[in-house]
Amino acid sequence: MALTEPLDFARLNAEINEEVRRRRAAGDFPPGLERELDSLFARYAPATTGADFDEVVERAERTSFMHADVPTASNQRVLVYVKRGLRSLMAWYVRFLAQQVTAFAGAITRSVRLLGHRVDRLETVTIVAAERSLSEVKQRRAGADLSQWSAVVTNAMAGVTGRVLHAECGEGELLAHLVADGRDAYGVEPSEPLAMAAARAGLDVRADDLLAHLRAVPDGALAGAVLSGAVDCLPLGSLLELADLVTAKTGPGAVVVVLSVGPGAWARALDPIVSDLAPGRPLHPETWCHLLATRGWDPALVHPTANPTQALAPVPAGTPGAEVINANVERLNRLLYSSPAYAVTARRA
Amino acid sequence: MVAIHQVLPVFAPRDAIGNHTVEIRRALHARGITSEIIAGEINPGAAQGARTVREIGRRRLPGDGPTWLLYHASTGSPVAEWFAERPEGKLIDYHNISPPDVFGAWEPHVGVELEHGRRQLAELADITDWALADSTFNQRELNGLGYRRTAVVPILIDTAAFGHDVDAKTVTRLRRAKQTDGGADWLFVSRILPHKAHHDVIKAFAAYRRAYDPSARLHLIGAVGSARYADALTDFVDDLDLSDSVVLAGSVSAGDLEAYFQVADVYVSLSDHEGFAVPLLEAMAHDLPVVAYSCAAVPETAGTGALLLDDKPPTVVAAAVHRVLTDERLRRALVASGREQLSAFALPRSVARLSAVIDDIIASFDGGASK
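Model, not experiment: these values are computed from the prediction.

Visitor: Explain the packing of aromatic side chains here, please?
Guide: Geometry of an aromatic ring pair is reported as the spacing of the ring centres plus the angle between the planes. Taken as a whole and judged by the stated rule, the model has 13 aromatic pairs over all chains. Taken together, a centroid distance of 5.1 Å and an interplanar angle of 25° make the contact between B:Tyr71 and B:Phe83 stacked. In this pair, B:Tyr71 is assigned in strand β4 (residues 67-73) and B:Phe83 in helix α3 (residues 78-85), connecting sequence segments 12 residues apart. Among the residues examined, B:Tyr71 registers a relative accessible area of 2% and is labelled buried. Measuring from ring centre to ring centre gives 5.3 Å for B:Phe276 and B:Phe345, while their planes differ by 90°; the resulting arrangement is edge-to-face. A residue pair is termed long-range when its members are at least 10 positions apart, and B:Phe276 in the loop between β11 (266-269) and α11 (278-285) and B:Phe345 in the loop between α14 (328-344) and α15 (347-363) qualify at 69 residues. An identical accessibility class is assigned to B:Phe276 and B:Phe345; each is buried. Each residue in the set A:Phe29, B:Trp186, B:Phe205, B:Tyr208 and B:Tyr212 is aromatic and connected to the rest through ring pairs, giving one cluster. Geometry around A:Trp297 places A:Arg348 over its ring, the cationic atom sitting 5.6 Å from the centre.

Visitor: Would you mind showing me how to read helix α2 (residues 33-42) of chain A here?
Guide: Given 3.6 residues per turn, any residue in an α-helix points the same way as the ones three and four places further on. For α2(A), the set of buried residues is A:Leu33, A:Glu34, A:Leu37, A:Leu40 and A:Phe41. Down the axis of α2(A), the buried set is contained in an arc of 130°. They therefore lie on one face.

Visitor: Is there a simple way to think about the sheet that holds strand β1 (residues 163-167) of chain A in this case?
Guide: Note: strands within a sheet are paired through backbone hydrogen bonds, in either parallel or antiparallel orientation. Residue and element names in this part refer to chain A. Judged by pairing direction, the sheet is mixed, and its seven strands sit side by side in the order β3-β2-β1-β4-β5-β7-β6 without closing on themselves. The outermost strands of the open sheet, each flanked by one partner alone, are β3 (205-206) and β6 (297-302). Direction of pairing for strand β5 (residues 250-260) relative to strand β7 (residues 342-348): antiparallel, over a ladder of six bridges. Considered in β7, the bridge of Val 257 is made with Thr 345. Here helix α10 (residues 236-248) sits on the sheet in contact with β4 (222-227), β5, β6 and β7, set at roughly 145° to β5.

Visitor: Before we go on, may I ask you to explain the nonpolar core in this structure?
Guide: Inside soluble globular proteins, nonpolar side chains tend to come together where they are buried. If you look at the biggest cluster of nonpolar residues, it comprises 88 residues, and the most contacted ones within it are B:Trp186, B:Leu187, B:Tyr267 and B:Leu307. Take this core: its biggest share by element is eight residues, from helix α8 (residues 198-211) of chain B. Excluding its chain neighbours within four sequence positions, the residues that come into contact with B:Trp186 are B:Val201, B:Ala204, B:Phe205, B:Tyr208, B:Arg217, B:Leu218, B:His219, B:Val266, B:Val268 and B:Val321. Residues A:Ala167, A:Tyr186, A:Leu210 and A:Val246 belong to the second largest nonpolar core, which totals 31 residues.

Visitor: How do you make sense of the pattern of salt bridges when you look at a structure like this?
Guide: Close approach of charged atoms allows side chains of opposite charge to pair. Within the structure shown, the criterion is met by 37 salt bridges over all chains. For A:Arg11, the salt bridge goes to A:Glu15, with nearest N and O atoms at 2.7 Å. You can see A:Arg11 and its partner A:Glu15 sitting in helix α1 (residues 9-26), four residues apart, about one turn around the helix. You can call A:Arg11 partly exposed: its relative accessible area is 40%. A relative accessible area of 26% places A:Glu15 in the partly exposed class. With its nearest N and O atoms 3.6 Å apart, the salt bridge here joins B:Lys203 to B:Asp200. One end of the pair, B:Lys203, and the other, B:Asp200, are both in helix α8, three residues apart, so they sit about a helical turn from each other. Assigned by exposure class, B:Lys203 and B:Asp200 land together as buried. Here the residues in one salt-bridge network are A:Arg24, A:Glu34, A:Arg163, A:Asp184, A:Asp204 and A:Arg206, joined through shared partners.

Visitor: Help me understand the interface of chain A and chain B, please; the structure alone is not making it clear to me.
Guide: Accessible area lost upon the coming together of the parts is a frequently used measure of interface size. Between chain A and chain B, the contact holds 29 residues from the first and 38 residues from the second. At the junction of chain A with chain B, the criterion picks out three salt bridges. When the shortest N-O distance is used, the salt bridge between A:Asp38 and B:Lys203 registers 2.8 Å. Scanning the region where chain A abuts chain B turns up eight residue pairs in polar contact (both at pLDDT 80 or more).

Visitor: Would you take a moment to explain the layout of surface pockets for this structure?
Guide: To find the voids left in a structure, one rolls a probe of water-molecule size over its atoms. Residue and element names in this part refer to chain A. Estimates place the volume of the second largest pocket at around 1,800 Å³. The leading source of residues in the lining of the second largest pocket is α1, at six residues. Considered class by class, the residues forming the lining of the second largest pocket number 20 nonpolar, six polar and 20 charged.

Visitor: For this particular structure, what's the right way to read the pairing of strand β12 (residues 290-293) of chain B?
Guide: In regular strands, side chains alternate between the two faces of the sheet. Residue and element names in this part refer to chain B. The side-chain alternation of β12 yields two buried faces, one formed by Val 290 and Ala 292 and the other by Val 291 and Tyr 293. Relative to β12, β11 is paired through three bridges, and the arrangement is parallel. Residue pairing for β12: Tyr 267 is matched across the bridge by Val 290. With α11 bridging β11 and the parallel β12, this β-α-β connection has right-handed handedness.

Visitor: I would appreciate a short explanation of the sheet that holds strand β5 (residues 89-94) of chain B in the present structure.
Guide: Residue and element names in this part refer to chain B. Taken together, seven strands build an open sheet; the order of strands is β3-β2-β1-β4-β5-β6-β7 and the sheet is parallel. If you trace the sheet from one side to the other, it starts and ends with β3 (50-52) and β7 (150-152), each paired once. Direction aside, the axes of adjacent strands within the sheet are offset by 25° on average. Packing of α3 onto the sheet brings it into contact with β1 (3-11), β2 (37-42), β4 and β5, and relative to β4 it is tilted by some 160°.

What counts as what
- Residue numbers restart at each chain and count upward from 1, following the sequence in its written direction.
- Following the order in which they are written, the chains are lettered starting with A and the ligands numbered starting with 1.
- Per-residue local features of the predicted model are confined to residues with pLDDT of at least 70, and side-chain atom pairs are confined, for both listing and counting, to 80 or more; whole-chain, interface and lining totals are unaffected and use all residues.
- In computing side-chain properties, one takes all heavy atoms of the structure into account and sets aside hydrogens as well as water.
- Within 6.5 Å between ring centres, the rings of Phe, Tyr and Trp (the latter by its six-membered ring) count as paired, and their orientation is classed by plane angle as stacked under 30 degrees, edge-to-face over 60, tilted in between.
- Counting from the N terminus, the helices are the DSSP runs of H or I reaching at least four residues and the strands are the DSSP runs of E reaching at least two.
- Burial here depends on accessible area, computed with a 1.4 Å probe over protein chains only, as a share of the maximum for the residue type. Under 20% is buried, over 50% is exposed, and the range in between is partly exposed.
- A ring is scored as having a charge over it whenever the NZ atom of a lysine or the CZ atom of an arginine sits within 6 Å of its centre and within 35 degrees of its normal.
- What the arc describes is the spread of directions from the helix axis to the C-beta atoms.
- The criterion for strand pairing is that DSSP finds at least two bridges linking the strands in question.
- The criterion used for residue contact is that any of the two residues' heavy atoms lie within 4.5 Å.
- Only the contacting stretch of a helix is used when fitting its axis, a line to C-alpha atoms as for every element, and angles between N-to-C directions run 0 to 180 degrees.
- As used here, the term nonpolar core means buried Ala, Val, Leu, Ile, Met, Phe, Trp, Tyr and Cys residues forming a set that is joined through side-chain atoms within 4.5 Å.
- Salt bridges are identified by distance alone: a Lys or Arg side-chain nitrogen within 4 Å of an Asp or Glu carboxyl oxygen.
- Throughout this description, a polar contact denotes any pair of N or O atoms lying within 3.5 Å of each other; where both atoms belong to protein, one of them has to be capable of donating a hydrogen while the other can accept it, and for residues adjacent in sequence the pair is counted only when both atoms sit in side chains.
- The distinction between a cavity and a pocket rests on a 1 Å grid over the protein atoms alone: a 1.4 Å probe fits inside a cavity but cannot get out, while a pocket stays open yet meets protein on both sides within 12 Å along at least five of seven lines, and a residue with an atom within 4 Å of a point counts as lining.
- Grid points are joined across faces, edges and corners, and a volume is the space filled by probe spheres set on the points.
- Just so you know the grouping, Ala, Val, Leu, Ile, Met, Phe, Trp, Tyr, Cys and Pro go in nonpolar, Asp, Glu, Lys and Arg go in charged, and all remaining residues, Gly too, go in polar.
- Convention used here: a crossover is right-handed provided that the path from the first strand, over the helix, to the second strand proceeds clockwise when the strands point away from the viewer.

So this is what it looks like as structure tokens:
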């Protein structure tokens, strides 16, 4: 690099990202490192910067008491006496106000506390149950086989420049295809063993919860996203949030691919324990198309072809009733032998 | 004779806005323009010749021709209200007001003050003739608030004056640590405030030590602007077991600061908000390679003189610093670009820019400014 040569910052940044991938693979940057550093610092950040309800309410309770005795310190001695005099004169007035404000703040914080208890009880049977079952699912989760979608995903992402996220990427087979195809791709995987395996393969993978990760990504920072795994077991509210987040975090021209086992295959495509305990079910492909279209995407649906070795053969044309028979054969093939798994690819205007 | 008097909430020594104000006064005097400095508070050690708002009160200011007041906006202050009520023509020099939401949690009263400052800035738009901004980033904010005539004039800093009066003892102490333990010296200079993101520098430094250089040291220089944030940083450093290698040096003398710049190997800034970022230029003046998070006015100030990162995960920052420190050709190229970038902010150029804007202001005088 001669001094007169302008610096190629894009190349430099790409090389730095590559170096991070190498270091991850070597174990110098373990998958959980960033999250660990974040949560360590979060311990010392004010409660109001965090999301812990109890800490925030505690802080509100601590600050709800209004002091009636105003400070009288001053650099000038005479002012100390003036302030003390004023404090004595105004005490009846300030105390009257302080008592009312303290009573009001106390009532408000108590109300919030009671509301919190009610929400706690509700969460026990709804959200917390969902979180607990998700955690069970995470422990059972094995990397899904997404090999049938390699061509669909790499074709959809062809020409995409910028960061591409694959969530949840498992051990990273599909991610490796994207990287080999020249995409600046990284993965998010909630299962630490799977993320470690992907990192050992030299891939840039964060061991993180998908929604938590997406919430932290700056708006418009992604050029593409492949969504798999989580789309088959997140509760409905989280799936809607996922659709919102992926829209907010991608820019114009971005591409998204949703890979799902489909609701029809729910019971037979997944580990029975996972399919029983997962708090949510896969959506129909039409629903993903609808969710994406209403958020400004232009979706297209891709179904894999039926397995030809198992499919029923049509009768030769010219056979009496061939048209009706073959229509029924096609219907039976679709119902019995085609994989209900699907991909929805979509591009933003 | 034209008069342009400068008004600011606090006039402090060794402060970027304070120095800028003094340079503006010098440039105005050189053009024969009457100019005084009027401040809400004058801190001990600030340059002589300033008067307080209290002293002026409602009195008439010197100048027998068109007269303007140039208000330096950087926070909420009662001085802005005094400025708004004065009969003279109004000019604003906007140095950016930090986003209040970052402070809200750490220092609620500062957040309130900043929010107040933003409201005041918006209210002044209608009565201001011209508004100056340190950067196009700041100018965009002014335009968004409805300021009609705006211009960019960089902070007036004497870049040629960087690098004087080094404290030899501090240099010796820092060099001894380097010789004894080896390892690179990271430097970040900024007031300890949450939006300056010292915690992100510490995270990146922890990742760097883990993967590349277990002997490295991090020097964080700057006065404590938020005690809560500073305490959190200290506890964070303790938890990471980095107390021996991360130094929160606080506010240091000019000689000490010079020593830190001379001994450092890399300057790392991961600040979330900068209206200009003078320390980046100081680092460039000391031939230090700069790695910085690209946000707000940072890309504009740093130009190609810094390795700018679009995002700041600790691992990426650590790898970027490692690259800068181990790739000698890259380091030299960054230093050379930094020198070039620095020349764009050389005092004579910025004064010429200010002078041109002053010409425009005077030319646009339509009798509206007070005589």
